[in-house]
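# Structural description and commentary
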Amino acid sequence: MAATTTTLLTRSFINFLSISSPLSLQVPLRSFHTSLTACKYPNWKMIKEVKHRKIVKEFAFERMNINALRKNKIIPPAIQEIADKEIHALPRKSSISQLHKRCMLTSRPRGLVTRWRLSRIVWRHEADYNKLSGVQRAMW
(Lines give C-alpha, C1' and ligand atoms only; values in the text may rest on other atoms or scores of the structure.)
Protein backbone atom coordinates (compact mmCIF):
# COMPACT_ATOMS: atom_id res chain seq x y z
CA MET A 1 0.00 0.00 0.00
CA ALA A 2 2.89 2.33 0.78
CA ALA A 3 4.36 1.85 -2.70
CA THR A 4 1.12 2.82 -4.40
CA THR A 5 0.72 5.99 -2.33
CA THR A 6 4.34 6.92 -3.09
CA THR A 7 3.80 6.52 -6.82
CA LEU A 8 0.55 8.50 -6.62
CA LEU A 9 2.32 11.30 -4.76
CA THR A 10 5.16 11.28 -7.30
CA ARG A 11 2.77 11.44 -10.26
CA SER A 12 0.69 14.17 -8.65
CA PHE A 13 3.90 16.13 -7.98
CA ILE A 14 4.92 15.73 -11.64
CA ASN A 15 1.47 16.92 -12.73
CA PHE A 16 1.76 19.87 -10.35
CA LEU A 17 5.14 20.79 -11.84
CA SER A 18 3.83 20.63 -15.39
CA ILE A 19 0.77 22.73 -14.52
CA SER A 20 2.49 25.30 -12.32
CA SER A 21 5.07 26.62 -14.77
CA PRO A 22 5.94 25.71 -18.34
CA LEU A 23 9.67 26.20 -17.68
CA SER A 24 9.82 23.72 -14.80
CA LEU A 25 11.89 20.56 -15.01
CA GLN A 26 10.00 17.70 -16.66
CA VAL A 27 10.64 14.25 -15.20
CA PRO A 28 10.44 11.48 -17.82
CA LEU A 29 8.13 8.61 -16.96
CA ARG A 30 10.08 6.15 -19.13
CA SER A 31 13.62 4.93 -18.90
CA PHE A 32 16.41 6.67 -20.78
CA HIS A 33 16.74 4.32 -23.78
CA THR A 34 13.10 3.84 -24.74
CA SER A 35 11.23 6.03 -27.14
CA LEU A 36 7.80 6.20 -28.73
CA THR A 37 8.92 4.25 -31.79
CA ALA A 38 10.23 1.42 -29.62
CA CYS A 39 6.70 0.89 -28.28
CA LYS A 40 5.19 0.45 -31.75
CA TYR A 41 7.40 -2.37 -32.98
CA PRO A 42 8.34 -5.71 -31.40
CA ASN A 43 12.12 -5.27 -31.50
CA TRP A 44 15.00 -3.21 -32.84
CA LYS A 45 15.19 -5.21 -36.09
CA MET A 46 11.70 -4.09 -37.02
CA ILE A 47 12.57 -0.45 -36.30
CA LYS A 48 15.61 -0.87 -38.55
CA GLU A 49 13.45 -2.36 -41.31
CA VAL A 50 10.95 0.52 -41.10
CA LYS A 51 13.79 3.03 -41.51
CA HIS A 52 15.07 0.97 -44.44
CA ARG A 53 11.60 1.08 -46.06
CA LYS A 54 11.51 4.88 -45.68
CA ILE A 55 14.86 5.17 -47.46
CA VAL A 56 13.62 2.91 -50.28
CA LYS A 57 10.48 5.02 -50.65
CA GLU A 58 12.46 8.27 -50.63
CA PHE A 59 14.80 7.22 -53.45
CA ALA A 60 12.39 5.05 -55.46
CA PHE A 61 11.48 7.61 -58.13
CA GLU A 62 15.06 8.74 -58.70
CA ARG A 63 16.34 5.16 -58.78
CA MET A 64 13.65 4.13 -61.27
CA ASN A 65 14.53 7.00 -63.64
CA ILE A 66 18.26 6.31 -63.52
CA ASN A 67 17.70 2.58 -64.09
CA ALA A 68 15.54 3.39 -67.11
CA LEU A 69 18.48 5.35 -68.56
CA ARG A 70 20.93 2.57 -67.76
CA LYS A 71 18.88 -0.16 -69.43
CA ASN A 72 17.82 1.82 -72.49
CA LYS A 73 19.58 0.43 -75.58
CA ILE A 74 18.88 3.47 -77.79
CA ILE A 75 20.83 6.15 -75.88
CA PRO A 76 24.62 6.44 -76.26
CA PRO A 77 26.91 4.37 -74.01
CA ALA A 78 28.44 7.53 -72.50
CA ILE A 79 25.10 8.50 -70.97
CA GLN A 80 24.63 4.94 -69.73
CA GLU A 81 28.00 5.12 -67.98
CA ILE A 82 27.00 8.40 -66.31
CA ALA A 83 23.78 6.75 -65.16
CA ASP A 84 25.83 3.83 -63.77
CA LYS A 85 27.92 6.24 -61.72
CA GLU A 86 24.79 8.00 -60.45
CA ILE A 87 23.17 4.74 -59.38
CA HIS A 88 26.32 3.76 -57.49
CA ALA A 89 26.31 7.16 -55.74
CA LEU A 90 22.87 6.47 -54.24
CA PRO A 91 22.70 4.85 -50.79
CA ARG A 92 22.92 1.08 -50.88
CA LYS A 93 19.83 0.71 -48.70
CA SER A 94 17.74 2.59 -51.24
CA SER A 95 17.54 -0.54 -53.39
CA ILE A 96 14.33 -2.50 -53.01
CA SER A 97 16.19 -5.79 -53.43
CA GLN A 98 18.03 -5.11 -50.16
CA LEU A 99 14.76 -5.23 -48.18
CA HIS A 100 13.95 -8.31 -46.14
CA LYS A 101 10.30 -8.74 -45.29
CA ARG A 102 9.35 -9.39 -41.66
CA CYS A 103 6.22 -10.30 -39.73
CA MET A 104 4.48 -7.15 -38.50
CA LEU A 105 3.58 -8.63 -35.10
CA THR A 106 6.59 -10.73 -34.15
CA SER A 107 9.31 -9.43 -36.52
CA ARG A 108 10.03 -13.00 -37.60
CA PRO A 109 12.04 -13.00 -40.87
CA ARG A 110 11.04 -16.42 -42.18
CA GLY A 111 7.82 -18.13 -43.17
CA LEU A 112 6.01 -14.97 -44.21
CA VAL A 113 2.53 -15.00 -45.72
CA THR A 114 3.03 -12.06 -48.07
CA ARG A 115 -0.56 -10.92 -48.52
CA TRP A 116 -1.01 -10.23 -44.80
CA ARG A 117 2.67 -9.58 -43.88
CA LEU A 118 2.39 -12.09 -41.04
CA SER A 119 4.52 -15.12 -40.23
CA ARG A 120 2.90 -18.49 -40.83
CA ILE A 121 2.58 -19.08 -37.08
CA VAL A 122 0.79 -15.80 -36.36
CA TRP A 123 -1.28 -16.15 -39.55
CA ARG A 124 -2.56 -19.57 -38.52
CA HIS A 125 -3.37 -18.40 -35.02
CA GLU A 126 -5.31 -15.38 -36.35
CA ALA A 127 -7.09 -17.55 -38.93
CA ASP A 128 -8.11 -20.07 -36.25
CA TYR A 129 -9.84 -17.34 -34.28
CA ASN A 130 -11.47 -15.84 -37.40
CA LYS A 131 -9.55 -12.55 -37.24
CA LEU A 132 -8.46 -12.49 -40.90
CA SER A 133 -10.98 -11.50 -43.52
CA GLY A 134 -11.36 -13.86 -46.44
CA VAL A 135 -9.74 -16.81 -44.68
CA GLN A 136 -11.72 -19.90 -43.82
CA ARG A 137 -10.41 -22.98 -42.06
CA ALA A 138 -10.44 -26.04 -44.31
CA MET A 139 -12.99 -28.65 -43.26
CA TRP A 140 -13.43 -32.07 -44.85
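None of the values given here were measured: they were computed from a predicted structure.

Rules used throughout
- Residues numbered from 1 in each chain as written.
- Predicted model: local features only at pLDDT ≥ 70, side-chain atom pairs only at ≥ 80, totals over all residues.
- Heavy atoms only, no water.
- Helix = DSSP H or I, 4+ residues; strand = E, 2+ residues; numbered from the N terminus.
- Buried < 20%, exposed > 50% of the residue type's maximum accessible area, 1.4 Å probe, protein only.
- Contact = heavy atoms within 4.5 Å.
- Bend = angle between axes of the 7 residues up to and from the residue.

## Here's the deal with the overall build of the protein
Helix and strand counts for the protein come out as 5 helices and 2 strands. Helices and strands appear in the protein in the N-to-C order α-α-α-α-β-β-α. Out of the 140 residues in the protein, the part that is buried amounts to 22%. Once local pairs closer than 6 in sequence are excluded, the contacts in the protein between residues at least 24 apart make up 38%.

## Structural notes on helix H3 (residues 44–71)
The largest bend along H3 measures about 50 degrees and falls at Ala60. Of the residues making up H3, those classed as buried are Met46, Ile47, Glu49, Val50, His52, Val56, Phe59, Arg63, Ile66 and Asn67.

## Topic: unusual backbone geometry
Unusually for a residue other than glycine, Ser107 sits at a positive phi of about 65 degrees. Here Ser107 shows up in the loop between helix H4 (77–89) and strand S1 (112–113). In this structure, Asn130 takes a positive phi of about 60 degrees despite not being glycine. One can find Asn130 in the segment after helix H5 (120–128). Asn130 sits in the exposed class, given a relative accessible area of 62%.

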